[in-house]
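# Descriptive analysis of the structure
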Amino acid sequence: MNSYTNFFAGSATIAGALVGLLFVALSIQPERNRDRRSVEHRAVAGSAFTALVDALFISLIGLQPGGGLRVGAILLGSFGLISSGSLATRLWIARHDVHLSRRWLSFMLFIIGVYVAQAATGLLAVSSARAASNTATFIYIMFGMGIARAWELLGMQGNSVIRQLHGSFAHASSPGPADEPAPDDPPAVP
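Quick summary incoming for the structure in this document. Owing to the predicted nature of the structure, the values given are computational and were not obtained by experimental measurement.

This part covers the packing of helix α3 (residues 39-63) against helix α5 (residues 104-123). Running from amino to carboxyl end, α3 crosses α5 at an angle of 20°, the nearest separation of the two axes being 12 Å. Judged by the angle between their axes, α3 and α5 are roughly parallel. Our pair here, α3 against α5, has a crossing hand that is left-handed. On α5, the residues that touch Glu40, Ser47, Thr50, Ala51 and Asp54 of α3 are Trp104, Ile111, Tyr115 and Gln118. Residues belonging to the contact of α3 with α5 are distributed by class as follows: four nonpolar, three polar and two charged.

Our focus in this paragraph is a nonpolar patch on the surface. There is a patch of nonpolar side chains on the surface, built from Trp92, Ile93, Leu105 and Leu109 and spanning about 430 Å² of accessible area. Looking at the element boundaries, Trp92 is found in helix α4 (residues 69-94). The partly exposed category is assigned to Trp92, whose relative accessible area is 44%.

Mapped onto the elements of the fold, Thr50 is located in helix α3. Residue Thr50 is classed as buried on the basis of its relative accessible area of 5%. If near-sequence neighbours (up to four positions away) are discounted, Thr50 is found in contact with Phe79, Gly80, Ser83 and Tyr115.

Rules and cut-offs
- Residues numbered from 1 in each chain as written.
- Predicted model: local features only at pLDDT ≥ 70, side-chain atom pairs only at ≥ 80, totals over all residues.
- Heavy atoms only, no water.
- Axes fitted to C-alpha atoms, helices over the stretch in contact; angles between N-to-C directions.
- Helix = DSSP H or I, 4+ residues; strand = E, 2+ residues; numbered from the N terminus.
- Parallel < 35°, antiparallel > 145°, perpendicular 65-115°, else oblique.
- Left-handed = near helix turned anticlockwise from the far one by under 90°.
- Contact = heavy atoms within 4.5 Å.
- Nonpolar A, V, L, I, M, F, W, Y, C, P; charged D, E, K, R; others polar.
- Patch = residues over 30% accessible without salt bridge, like charges linked within 9 Å, V, L, I, M, F, W, Y side chains within 5 Å.
- Areas by Shrake-Rupley, 256 points an atom, 1.4 Å probe, with all protein chains shown as cover.
- Salt bridge = Lys/Arg side-chain N within 4 Å of Asp/Glu carboxyl O.
- Buried < 20%, exposed > 50% of the residue type's maximum accessible area, 1.4 Å probe, protein only.

Written as structure tokens, this is what we have:
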């Protein structure tokens, strides 16, 4: 597992920085977090936070002498499953009272599936090198989920990072698909 020490050190640093940036992003519009109609916004924030905290703590466990990656996968996978299940339940209850995007259910099912898989891999009897490899895979997945959900918090829902980058590089006088709003996007402010 020594070959993963640098990876875990780097991912712990990155995860810590991303958690801090998530707090900054949430503090920019605190009124949106308190609005009862923003249940989806709170669920997005909660799932981003849970994914990044998972990556942070599993990285720290990987740095610990003697590891414990399998136990960490079970504990953090279970925590993520409980947290995401709670968020999904809140969204399910609120689906008739507030406007939710069309994709919330598929995102929550995917996220719950990832946490089930993480907990399940912790239950497998594998070598420490294989446990480290499994953990590295889940760290990548957690970074991807956390960053994608944080991207939504910035008001980029319905737009992929690729579409945003394409739009920023596209010529200003030639409108294209990147300039068209997605169906879930709020109207643009002039």
